[in-house]
Amino acid sequence: MRVWRAPEDVPADLGRTVVTIGVFDGVHRGHRAVLAETVRQARQGDLTSVALTFDPHPVLVHRAAPIRLVTTLADRIDRLAAAGIDAVYVQEYTLDYARATPREFVEDQLVARFHAAAVVVGEDVRFGYRNSGDGAELERLGRRAGVHVTLVPDRSAPEGRRWSSTWIRELLASGDVAGAARVLGRSHRIRGQVVHGFRRGREIGFPTANLTGDGLGEVPADGVYAGWLVRSVPGSKAAEYLPAAISVGTNPHFEGTERTVEVHALGRSDLNLYGESIAVDFVEYLRPMLSFESLDGLLRQMDEDLRVTAEILGVPTAGRVDPAAVTAT
C-alpha cells in the first residue's frame with residue numbers, strides 16, 4: 001500500500017479513484033464496513049482505492065482537548081492496508097486546512113488531487129469549515145462535480161449501540177479489553193519503544209519489557225492482563241507473537257509513581273528488547289493492581305497470573321524464570 005503525506009507525493013499519473021474520508025481511529029467494525037464498500041467499488045471499476053485520514057486528530061486542533069487515540073498512526077495505516085485500501089493520504093490537520101469550505105474540499109482535494117470518480121463515507125459524515133458539510137451536501141456537490149457518493153449506514157452491536165471509537169475508549173477505561181475487542185473486531189493494541197525500568201522483575205524471575213509515555217495508543221485501565229507481545233522478525237515482514245502477562249499501572253507494591261506498561265513474555269529470559277519497537281495486544285483482564293504484605297505474597301500471585309494467562313491464551317504453562325538465567329529484558 002502506498003502512503004502519501006504531501007500533495008507532491010501523489011503520482012502525477014494517478015488515474016480515477018474511489019475515496020473514503022475519516023480519522024478511522026481504531027479502524028473498528030463500523031469503519032471496516034465503509035472501507036469494504038470503498039474497496040469493492042474500486043475493484044469493480046478497476047480504480048484505485050484511497051483513504052484520506054488526518055493527523056493530528058481534529059479535536060486536538062480545534063479544542064486542544066486531551067484525547068488519546070485508540071491506535072497509533074502507524075497501526076492505523078497498517079489496519080487500512082489490511083482492509084485492502086490501495087493508498088492512504090495522511091493529511092496534516094491544521095486550522096488553515098480546516099478553513100476550506102465544503103465546495104473547496106470536494107473540488108480541490110477530492111477531485112483535483114485524487115481524481116475521485118466516487119466517494120464512500122459513513123452516513124454521519126461532516127466536512128468543510130465548521131463541519132458545515134453533511135451527507136446531503138456531499139451528494140449535491142458530488143453530482144455537480146460528476147462524483148458518485150455512497151453513504152454507508154451506521155453499523156451497530158446486537159444490543160443497538162453504534163460501533164464507535166468513543167465506545168472503545170469507554171471500555172478500555174474500565175479495563176474491559178474483551179469488550180473493546182468485540183467493537184474493534186480484534187484485540188486492542190498499543191505500540192511503543194521498550195525502555196529501561198527498575199529491573200525489579202528480572203531479579204525475581206519476572207523480566208519485563210517496559211513501555212511508558214505518550215504516543216502508545218489508548219492504554220487500558222490499571223490492572224493485570226493476558227495478551228501477546230508482538231515483535232517484528234528481523235529481515236522480514238513477519239511478526240512473532242509471544243504469550244504475555246501484562247501489568248499496567250504504577251506498581252504499588254514497590255511504591256511506584258510513574259504509570260508504565262510492563263510485559264512479561266511467558267517462559268522467556270533471553271529477549272533483548274531495549275530500544276526495540278514492539279506491540280502489545282490485550283486479550284483479557286485478570287485482576288486489579290495490588291500491594292502485598294510480603295514479597296512471597298507477590299510471587300504467589302504472579303505465579304497464579306502466569307498460570308491463568310497461559311490458560312486464557314491456550315499455551316503451555318510457564319512459571320517464573322530462574323533469575324540467574326536472565327540475560328536481557
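For the structure itself, consult the block above.
Report follows, based on the coordinates. (Residues numbered from 1 in each chain as written. Predicted model: local features only at pLDDT ≥ 70, side-chain atom pairs only at ≥ 80, totals over all residues. Heavy atoms only, no water.)

1. Considerations on the sheet that holds strand E12 (residues 277-287)
Phase 1: Across the sheet, which stays open at both edges, the 6 strands sit in the order E7-E12-E9-E10-E11-E8 with antiparallel pairing between neighbours. This sheet does not close on itself; its edge strands, each paired only once, are strand E7 (188-193) and strand E8 (209-211). The sheet shows a mean angle of 35 degrees between the axes of neighbouring strands, direction not considered.
Phase 2: Two elements, strand E9 (residues 223-232) and strand E10 (residues 239-249), share 10 bridges in a ladder whose sense is antiparallel. Bridging from a neighbouring strand, Ala226 pairs with Ala245 of E10.
Phase 3: Strands in contact with helix H8 (residues 177-184) are E7, E9 and E12; relative to E12, the strand with the most contacts, it is inclined by about 120 degrees.
Phase 4: Here helix H10 (residues 295-313) sits on the sheet and contacts E9, E10, strand E11 (260-265) and E12; the angle it forms with E12, its principal contact strand, is near 100 degrees. (Pairing = 2+ DSSP bridges. Helix = DSSP H or I, 4+ residues; strand = E, 2+ residues; numbered from the N terminus. Axes fitted to C-alpha atoms, helices over the stretch in contact; angles between N-to-C directions. Contact = heavy atoms within 4.5 Å.)

2. Examining the nonpolar core
Phase 1: One finds Ile190, Leu211, Leu229, Ile246, Val261, Val280 and Phe282 to be the most contacted residues of the largest nonpolar core, which totals 32 residues.
Phase 2: Put simply, the parts of the chain that give this core at least two residues each are helix H7 (165-173), H8, E8, E9, E10, E11 and E12.
Phase 3: Contacts of Ile190, omitting those with residues within four sequence positions, involve Leu211, Leu216, Gly217, Glu218, Val219, Val261, Ile278, Ala279, Val280 and Phe282.
Phase 4: The next biggest cluster of nonpolar side chains, apart from the first, holds 27 residues, and it includes Val23, Leu52, Ala98 and Val106. (Core = buried A, V, L, I, M, F, W, Y, C linked by side-chain atoms within 4.5 Å. Buried < 20%, exposed > 50% of the residue type's maximum accessible area, 1.4 Å probe, protein only.)

3. Structural notes on the pattern of salt bridges
Phase 1: Going through the model one piece at a time under the given rule, you end up with 18 salt bridges.
Phase 2: In this structure, Arg182 engages Glu159 in a salt bridge whose closest nitrogen and oxygen atoms are separated by 2.7 Å. Of the two residues, Arg182 sits in helix H8 while Glu159 sits in the loop between strand E6 (148-152) and H7, which places them 23 residues apart along the sequence.
Phase 3: Each member of the salt-bridge network shares a partner with another, and the members are Asp124, Asp154 and Arg162. (Salt bridge = Lys/Arg side-chain N within 4 Å of Asp/Glu carboxyl O.)

4. With respect to unusual backbone geometry
Phase 1: The omega torsion across Asp55 and Pro56 is 0 degrees, close enough to zero to call that bond cis.
Phase 2: Tracing the backbone through its elements, the reader meets Pro56 in the loop between strand E3 (48-55) and helix H2 (58-62).
Phase 3: Here the phi dihedral of Val27 falls at roughly 45 degrees; this positive angle occurs in a residue that is not glycine.
Phase 4: Mapped onto the fold, Val27 is located in the loop between strand E2 (17-21) and helix H1 (29-44).
Phase 5: In this structure, Asp46 takes a positive phi of about 55 degrees despite not being glycine.
Phase 6: With respect to the secondary-structure elements, Asp46 resides in the loop between H1 and E3.

5. Topic: the packing of aromatic side chains
Remark: the centre distance and the inter-plane angle together describe each pair of aromatic rings, the angle taken between the planes.
Phase 1: Throughout the structure, instances matching the rule amount to 8 aromatic pairs.
Phase 2: Between Tyr89 and Phe114 the ring centres are 5.3 Å apart and the planes differ by 70 degrees, which places this aromatic pair in the edge-to-face class. One end of the pair, Tyr89, is in strand E4 (residues 87-92); the other, Phe114, is in the loop between helix H5 (102-113) and strand E5 (116-122), with 25 residues separating them in the sequence. Each of the two residues, Tyr89 as well as Phe114, counts as buried.
Phase 3: Relative to Tyr285, the ring of Tyr225 has its centre 5.4 Å away and its plane inclined at 75 degrees; by these criteria the two rings are edge-to-face. Of this pair, Tyr225 sits in strand E9 while Tyr285 sits in strand E12, placing them 60 residues apart in sequence.
Phase 4: Judged by its relative accessible area of 0%, Tyr225 is buried.
Phase 5: Here Tyr285 falls in the partly exposed class, since its relative accessible area comes to 33%.
Phase 6: Members of the aromatic cluster, connected to one another through ring pairs, are Phe54, Tyr93 and Tyr97. (Phe/Tyr/Trp six-rings, centres within 6.5 Å; stacked < 30°, edge-to-face > 60°.)

6. Structural notes on the sheet that holds strand E1 (residues 2-4)
Phase 1: Strand order across the open sheet formed by 6 strands is E1-E4-E3-E2-E5-E6, with parallel pairing between neighbours. Edge positions in the open sheet fall to E1 and E6, since each of these has one partner strand only. Across the sheet, the axes of successive neighbouring strands diverge by a mean angle of 20 degrees, strand direction being ignored.
Phase 2: One ladder, built from 5 bridges, connects E5 with E6; its direction is parallel. Its bridge partner being in E6, Val119 is matched across the sheet by Val149.
Phase 3: Here H1 sits on the sheet in contact with E2, E3, E5 and E6, set at roughly 160 degrees to E5.

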